[in-house]
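What the coordinates show
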Amino acid sequence: MPAKKMTGSQMVLKALSDQGVDVIFGYPGGAVLPIYDALHQQNALRHILVRHEQAAVHAAEGYARSTGKVGVVLVTSGPGATNAVTGLTDALMDSIPVVCLTGQVPTHLIGNDAFQEADTTGITRPCTKHNYLVKSIEDLPRVMHEAFYVARTGRPGPVVVDLPKDVLQAKGDAYFGPDQVKHSSYRPRTKPDPKAIEKAIEMIAKAKRPIIYSGGGVINSGDKASRLLTRFTRTLGAPCTSTLMGLGAYPASDPQFLGMLGMHGTYEANLAMYNCDVMINVGARFDDRVTGRLDEFSPNSTKIHIDIDPSSINKNVMVDLPIVGDVSAVLDALLKAWTKGEHSLSQRALKEWWKAIEAWRGRDCLSFRSVDSVIKPQHAIKRLYELTKDRETFISTEVGQHQMWAAQYYKFEKPRHWMTSGGLGTMGYGLPAAYGAQVAHPDALVIDIAGEASIMMNIQELSTVMQYGLPVKVFIINNQWMGMVRQWQELLHGGRYSQSYTASLPDFVKLAEAFGALGLRASKPAELDDLIMEMIDSPRPVVFDCQVDQTENCFPMIPSGAAHYEMLLGPDDKAVKPVSEEGMVLV
Amino acid sequence: MAPKDLSIERRTIAVLVDNEPGVLARVIGLFSGRGYNIESLTVSEVDPARRQSRITIITSGTPQILEQIKAQLDRLVPVHGVSDLSQKGPSVERELALVKVIGKGNKRVESLRIADIFRARVVDSGLEHFIFEMTGSTDKLNVFIDLMRPLGLVDVSRTGVVAISRGPTGLLS
Ligand SMILES: Cc1cc2nc3c(=O)[nH]c(=O)nc-3n(C[C@H](O)[C@H](O)[C@H](O)COP(=O)(O)OP(=O)(O)OC[C@H]3O[C@@H](n4cnc5c(N)ncnc54)[C@H](O)[C@@H]3O)c2cc1C
Ligand SMILES: Cc1ncc(C[n+]2csc(CCOP(=O)(O)OP(=O)(O)O)c2C)c(N)n1
């Protein structure tokens, strides 16, 4: 019996459901009307109508990061596709699996400057992991399944499938399922080389001052990877630090956790990185926010780097032992080999190491002075953490000081509960990412910790959360300034505050009300807790205008291009400082 | 930390790719986007049945950059394999040039004489011009073209280098 004829649009939807997709984030337009028509005639797939295509991609990222599944986007040709570009770049930088379906003008018009034509595959080539232009309905099922496979496997990333309108309207009978698609050239390596494991065990066994530097790759690898990371760290008795992207992979409350490292990382994490003798990088990419000045980055350590992407290895920092593979597979192999060989670290050396670390920890680098007259931003996030930590809470952020304070003061115990734009640093990411997570976790508490400047970049998305009754909370750390910009101007540009003050801000309470959400405002520390509780207890979307000290800076800070030991701990530190004694202790 | 080697090396890299639309743009975009050098790049389909093309790239950089280039190429989805011919062992490298020279009298005779020495073939001639075809190493072609310059050289068209490893192993083995 010949297979039933399907239109291209029906094949697209069939492929989505065969890939286990239950929700897509999108915005209609001429070129994708056939898909919207097909969507209208079914109930299996849920469509969330966004208010801007950039937000559709961020929402898909929030969905993907909080579930471990692929996030799916549907936008029209031309402006729909170009609006999605920032989101795609964001997903590429942070290794988030997204499939973005873009409409395209019919094949016979491609290249004619047709209405709403853009060279989408050309524009998105450098900002996707891969992209496809489907020129015939025969290719459609294969391309759809390949797109998901490529997005999800190896180092995850965004994939664009550009769909000309005539292909969507054509009829074909050649649909097939995902299991029939094998890729001939793309085969990422997941299992580590046993020789590398052996070598790693030898190196680790000799360590006197080991450290585990974990990153977003642990989250990418799945929950099992986080469990293995915890076990591995505890088995060794070594300290563990994490990048911004890896927060939650190792429980923050554990005494072996040193907090985040890097530019706004903790004193103890950065000095431990500087002074360690064996560094085990687990799924992190030696980003410049982390390494600071390269020639001073952990100069005396033997470095082991676990990464699924060979191009991450020796890109910024030359390492002694690369282990190419999936974090779960590698940690599993390491743990087995370690236990089998009955290895253990020198307990005497470890004790000395922890003594040094505890001394750095004793500096209490995240302390700040609270006052009664004005809310300190750090205090606001600390209270938010205390009042939400016993619930199932997902946190997203925008970009700026508030993002760093969130990373420093909110303690993540589990993976996939923290969504932030790390690599691209995209203001406007947080609100759509939050509702993307809320769609996947309808009963959870989802909070976007925002800055008042960033939130304006995708504020229209309040309309989306209202339409679908998604009870997202937008917690604005309102300092009236583009705080992070102001901080750099203060510290590095002689206090010339060029264009970083946000005049004419809206009244956020009234703005919330205009959208139909609940608006709350706090300006005194004394009222903060009650208002946060009101926000949490409300079943509605909430915009919380938390008016904070406008002059506060984010510390610790390693000025860019400086070394780990050149950290500024507070407002009284000067930018260019001689090497501190602590930094030199073990050198 | 392993020491960093800052010496600049020249490498010939062969890449086997699916011959699909945009694949060359992907490779070139990778080089321009990441600031890598391309001295020469050639591409042609080599296996019509499997629709595979072979790209030969001559590039230069520090050993660290060269490793990056190979890893970045290998990570492109339509890439089947990357082979560093300069590292793999001896290889054969060839380039073809078509060289048009115009002139009369002594200059014309001299150009023909030099072409003969270089074993260039005449593929077209008239009373006032020759087109020479020459195959060889890039250096040899350079020398020949330089000699032709004062003798009435007007046009040069070169293929860029194609290369293959010596011995019994293929690119993917
Ligand atoms: C204002 C601002 C300030 C910042 N300050 C800091 C800071 O102080 N500290 C900080 O850490 N960051 C900071 N960042 C973030 C920074 O820019 C980078 O995004 C971040 O450091 C990268 O994290 P990562 O190394 O974990 O890599 P990711 O970007 O998460 O990359 C993951 C790595 O793991 C690999 N990988 C993926 N999947 C797997 C798998 N399954 N198995 C094995 N490997 C895998 C990938 O190939 C990649 O190399 C800041 C960002 C902003 C916007
Ligand atoms: C789209 C975009 N444009 C510009 C920037 C540069 N930038 C980084 S932080 C920042 C200020 C953010 O201000 P706000 O949202 O109020 O957060 P705060 O730093 O005050 O907490 C700017 C402009 C960016 N990251 N993203």
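Description of the structure in this document.

Rules behind the numbers
Residues numbered from 1 in each chain as written. Chains lettered and ligands numbered in written order. Predicted model: local features only at pLDDT ≥ 70, side-chain atom pairs only at ≥ 80, totals over all residues. Heavy atoms only, no water. Helix = DSSP H or I, 4+ residues; strand = E, 2+ residues; numbered from the N terminus. Buried < 20%, exposed > 50% of the residue type's maximum accessible area, 1.4 Å probe, protein only. Contact = heavy atoms within 4.5 Å. Areas by Shrake-Rupley, 256 points an atom, 1.4 Å probe, with all protein chains shown as cover. Lys, Arg positive; Asp, Glu negative; His and termini not counted. Charge placed at Lys NZ, Arg CZ, Asp CG, Glu CD. Pairing = 2+ DSSP bridges. Axes fitted to C-alpha atoms, helices over the stretch in contact; angles between N-to-C directions. Near = heavy atom within 4 Å. Polar contact = N/O pair within 3.5 Å; in protein donor to acceptor, adjacent residues only side chain to side chain.

**Notes on the overall build of chain B**
- What chain B contains, in helices and strands, is five helices and nine strands.
- Along chain B, helices and strands appear, N-terminal first, in the series β-α-β-β-α-β-α-β-α-β-β-α-β-β.
- The buried share of chain B, taken over its 173 residues, is 42%.
- Long-range pairs, those at least 24 residues apart, make up 72% of the contacts in chain B with a sequence separation of at least 6.
- A total accessible area of about 9200 Å² is found for chain B, and carbon and sulfur atoms account for 53% of it.
- Treating the 23 positive side-chain charges of chain B as one cloud and the 20 negative ones as another, the clouds have centres 1 Å apart.

**Description of helix α11 (residues 267–275) of chain A**
- Most of α11(A) sits out of view: nine of its nine residues are buried.
- Those residues of α11(A) that sit buried are Y267(A), E268(A), A269(A), N270(A), L271(A), A272(A), M273(A), Y274(A) and N275(A).

**Quick word on the sheet that holds strand β4 (residues 71–75) of chain A**
Residue and element names in this part refer to chain A.
- Within the open sheet, the six strands sit side by side as β3-β2-β4-β5-β7-β6. Their pairing is parallel. Two strands lie at the open edges of the sheet, namely β3 (46–49) and β6 (130–133), each paired on one side alone. The average undirected angle you get between the axes of adjacent strands in this sheet is 20°.
- Where β6 and strand β7 (residues 158–164) come together, four bridges link them in parallel fashion.

**Observations concerning the site of ligand 1**
Residues and elements named next belong to chain A.
- Residues in close proximity to ligand 1 total 37 residues, the closest being G216, T243, R285, D307 and D326.
- At a separation of 3.4 Å, an oxygen atom of ligand 1 approaches a polar side-chain atom of R155.
- Within the contact set of ligand 1, a nitrogen atom lies 3.0 Å away from a backbone nitrogen or oxygen of V327.
- In isolation ligand 1 exposes 990 Å². Once the protein is present, 96% of that is buried.
- Examining the composition of the shell around ligand 1, we find that four residues originate from one element, helix α9 (residues 216–221), more than from any other.

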